[in-house]
Structures are given as C-alpha cells and as structure tokens.
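# Survey of secondary and tertiary structure
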Amino acid sequence: MFEQDYIMRMIKEMVRALLKLLFDIDTETPSAELLEDYDARNRLKALTDMIDDGDINNAENRLYQSLSDNNMLDLKAGILFYSYLNEKDDEFLQRNHFSRDEVEMGIRTLASKYDVSDISNLF
C-alpha cells in the first residue's frame, strides 16, 4: 500500500513537471479543460470514458494509435490521460487488469516517444 502511494505521488509530480516545463501549466489538478482544441478534448473524453468503464488497456491502445509524432497537443493529451488514470484507486486498477507501475511506464514511454524522457527520468 505504501509503495503504491509513493508511486502515485511520483507519477503526479512527473505529470506536474512535464506540464510546467513543456506547456507552462502549473496545476494541482490536470484535466481535459487544459486542452484548448475541441477535437483533442473530445478524444481525451472518449478515452477517459473507456477508463471509467474499465476498458483501460483498449483506451491506452487507442491513445497510442492516435498520437502523431512531434504534435505537442497529442503529448499534452497523453499526459492528461495518464494523470486521469493515476487518480484511480489501486482496487479499480487491479480489478481492470492494470497497475500503478503500468501508469508510470506509460508516461515514460510517452515521454520517450516525444524525446522529453530527460524530464520524466528525474523521477
């Protein structure tokens, strides 16, 4: 339990650092409203609805299918996706065959895809 709480806090700080350094956004509660683009916000909403329905793995697959190289809006949406997922409790994640470690790995993979892994490696 303590280890999972620690990982959850580290993920939260990683999200905050990525948003601050890449997008100059300083917030305690990242949400889809940070996406200025209507279509991107709707795509993220569809993905978070899938998360809420317990379809986490398919939501993550769709996220990666929708990413465009060098599109910073997609990076921001991906960060918000993992931030939303990180807010789910351990029981929800376990029940839906996902783990806190997979959330962390997802953010690191996303950061690596956009060549900003140096920031995520600080955590």
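Here goes a summary of the coordinates provided. Predicted, not measured: the structure shown is a model, and the values here were computed from it.

Turning our eyes to something else, we now look at the overall build of the chain. Of regular secondary structure, the chain possesses seven helices and zero strands. Of the regular secondary structure in the chain, the N- to C-terminal order runs α-α-α-α-α-α-α. The C-alpha radius of gyration computed for the chain amounts to 13 Å, which stays within 12% of the reference 14 Å derived for 123 residues, consistent with globular compactness. Along the first, second and third principal axes, the C-alpha atoms of the chain reach 35 × 30 × 25 Å. Partitioning the intrachain contacts of the chain with sequence separation of at least 6 by distance along the chain shows that 66% fall at a separation of at least 24.

Attention shifts here to helix H6 (residues 100-113). Residues spaced three or four apart along an α-helix point in a common direction, a consequence of the helix completing one turn every 3.6 residues. Taking 1.5 Å of rise per residue, 14 residues should cover 20 Å, and H6 covers 20 Å from first to last C-alpha, within 8% of that figure. Every buried residue of H6 is listed here: Arg100, Val103, Gly106, Ile107, Leu110 and Ala111. Across the axial projection of H6, the buried residues extend over an arc of 130°, all falling on one side. Directly after H6, the chain includes Asp115, whose backbone phi takes a positive value near 55°.

Turning to the side chain of Asn86, a few remarks are in order. Here Asn86 shows up in helix H4 (residues 72-86). Excluding residues within four positions of it along the chain, Asn86 makes contact with Met8, Ile11, Lys12, Arg100 and Val103.

Glancing now at the packing of helix H3 (residues 56-66) against H4. Running from amino to carboxyl end, H3 crosses H4 at an angle of 170°, the nearest separation of the two axes being 10 Å. Judged on the interaxial angle alone, H4 and H3 are roughly antiparallel. Crossing of H3 over H4 shows left-handed handedness. From H3, Ile56, Ala59, Glu60, Leu63, Tyr64 and Ser66 reach across to H4, where they touch Asp74, Gly78, Phe81, Tyr82 and Leu85.

Attention now goes to the packing of aromatic side chains. Under the counting rule described, the total for this entry stands at one aromatic pair. Residues Phe81 and Tyr82 carry aromatic rings whose centres are separated by 5.0 Å and whose planes lie at 90° to one another, so their mutual orientation is edge-to-face. With relative accessibility at 0%, the residue Phe81 sits in the buried group. Sitting over the ring of Phe92, Lys88 keeps its end group 5.2 Å from the ring centre.

Turning our eyes to something else, we now look at the nonpolar core. Formed by 36 residues in total, the largest nonpolar core has its most connected members in Ile79, Phe81, Tyr82 and Leu85. For this core, the elements supplying multiple residues, two or more each, are helix H1 (2-23), helix H2 (38-52), H3, H4, helix H5 (90-95) and H6. Ranked by residue count, the leading element in this core is H1, at eight residues. Ignoring any residue separated from it by four or fewer positions in sequence, one finds Leu85 in contact with Ile51, Ile56, Leu93, Phe98, Arg100 and Val103.

The rules behind the values
- Residues numbered from 1 in each chain as written.
- Predicted model: local features only at pLDDT ≥ 70, side-chain atom pairs only at ≥ 80, totals over all residues.
- Heavy atoms only, no water.
- Helix = DSSP H or I, 4+ residues; strand = E, 2+ residues; numbered from the N terminus.
- Rg over C-alpha atoms; globule rule 2.2 N^0.38 Å.
- Contact = heavy atoms within 4.5 Å.
- Expected span 1.5 Å × (residues − 1).
- Buried < 20%, exposed > 50% of the residue type's maximum accessible area, 1.4 Å probe, protein only.
- Arc of directions from axis to C-beta.
- Axes fitted to C-alpha atoms, helices over the stretch in contact; angles between N-to-C directions.
- Parallel < 35°, antiparallel > 145°, perpendicular 65-115°, else oblique.
- Left-handed = near helix turned anticlockwise from the far one by under 90°.
- Phe/Tyr/Trp six-rings, centres within 6.5 Å; stacked < 30°, edge-to-face > 60°.
- Lys NZ or Arg CZ within 6 Å of the ring centre and 35° of its normal.
- Core = buried A, V, L, I, M, F, W, Y, C linked by side-chain atoms within 4.5 Å.

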